[in-house]
Amino acid sequence: MGEHSAKPDVLQEIFAVPKPIIGMVHSLPLPGAPRFKHHDLDDVYRFGVEEALRLKEGGVDGLLLENAGDIPFSKPEDIGHETVAAMSVLGKLIREETGLPLGIITVANGALPSLAIAKACGARFVRVNQWVNAYIANEGFVEGISGRAARYRSWIEAETVKIFADVHVKHGSHAIVADRPLSEQAKDAEFFDADVLIATGYRTGDPTPVGEVQGIRQHVSLPVIVGSGLNVDNCRALLSVADGAILGSSIKEAGIMHSPVSVEKVQALIAVVREIRQEMSEAHSHSTD
């Protein structure tokens, strides 16, 4: 287990259900991104809210907003004020329209922009892909940002915004820390005050290996959730070892990140999750008889 005393259960605190499912809102390109010139900003806001409402109709427990259309992604120091401004407006609109707990991720590894957005729009958490250590990503060398981010969070008085940190994040090479096994990297994230850890596959949409989830949770006291590839076929296996999941490409109409959310696909997956929760409740009831 980790070296820290156990923290409060952040997942229960935010979502108030076991095994919470967090739906991804992949935004269209925002101002400053090369592909934005093909869009109107009001349409970008409208699309983001519509996606969030589809996810809510499907039954998710929370939402995670990402600037997914800002391809190619920038390194943290190059994420502009215009991105923070547009994401803050969109996040506020989504919160007001859905009432669901909201998280923010600004790629690539924009922990400080994400915290600023979360503070501005009332989001409950941020996802940070490289909280500790370092790796080689499509954007180049990406290093852990926990020291700067934790101090910035304190400075803007956003300590209620929780940190969901990836361990061995997808879309990159971890050869630079290959002498540190997954268990050690998970311990590092806990030691540097993450609140929830995330296990992912290798690419967006790829299933997260069950063994990776187990390899993380065996060495920490924090909740561990699945960050990639959850679907109807594998959710029972993954949620048997994970404390929740982020839901993305598998519930899109075309099964790819940039297509719209399919309400029917979300409902089908959530139906299985609710079965799992019912089974958990019955097992707990029998154990206390």
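The structure presented is a predicted model; accordingly, all values stated were derived computationally and were not measured.

Participant: Sorry if this is basic, but what is going on with the overall build of the protein chain here?
Facilitator: For the protein chain, the helix and strand inventory stands at nine helices and 11 strands. Whereas a compact globule of 289 residues would reach a radius of gyration of roughly 19 Å, the protein chain reaches 18 Å, a difference of no more than 12%. Principal-axis analysis of the C-alpha atoms gives the protein chain an extent of 60 × 45 × 35 Å. Split into buried and exposed, the 289 residues of the protein chain put 54% on the buried side.

Participant: Just checking my understanding: could you explain the layout of surface pockets for this structure?
Facilitator: A water-sized probe rolled over the atoms picks out the places where empty space is left. A volume near 150 Å³ is recorded for the second largest pocket. Surrounding the second largest pocket, 15 residues form its lining, Gly 32, Ala 33, Asp 70, Ser 74 and Thr 83 being those nearest its centre. Looking at side-chain class alone, the lining of the second largest pocket contains seven nonpolar, five polar and three charged residues.

Participant: Just checking my understanding: could you explain the pairing of strand β3 (residues 102–105) for this structure?
Facilitator: Within a regular strand, side chains alternate between the sheet's two faces. Where burial is concerned, the two faces of β3 agree: the one with Leu 102 and Ile 104 and the one with Gly 103 and Ile 105 are both buried. Bridge count between strand β2 (residues 62–66) and β3: four bridges; the pairing is parallel. Bridging from a neighbouring strand, Leu 65 pairs with Ile 104 of β3. Regarding topology, helix α3 (residues 81–98) serves as the crossover connection from β2 to the parallel β3, and that connection is right-handed. Two strands pair when backbone bridges link them, and β3 and strand β4 (residues 125–128) are joined in this way by two bridges, in the parallel orientation. If you follow Ile 104 over to β4, its bridge partner there is Val 126. In this fold, β3 hands off to helix α4 (residues 111–121), which returns the chain to β4; that crossover is right-handed.

Parameters and conventions
Residues numbered from 1 in each chain as written. Predicted model: local features only at pLDDT ≥ 70, side-chain atom pairs only at ≥ 80, totals over all residues. Heavy atoms only, no water. Helix = DSSP H or I, 4+ residues; strand = E, 2+ residues; numbered from the N terminus. Rg over C-alpha atoms; globule rule 2.2 N^0.38 Å. Buried < 20%, exposed > 50% of the residue type's maximum accessible area, 1.4 Å probe, protein only. 1 Å grid on protein atoms, 1.4 Å probe; cavity = no way out; pocket = protein on both sides within 12 Å on 5 of 7 lines; lining within 4 Å. Points joined across faces, edges and corners; volume = space filled by probe spheres on them. Nonpolar A, V, L, I, M, F, W, Y, C, P; charged D, E, K, R; others polar. Pairing = 2+ DSSP bridges. Right-handed = clockwise from strand over helix to strand, strands pointing away.

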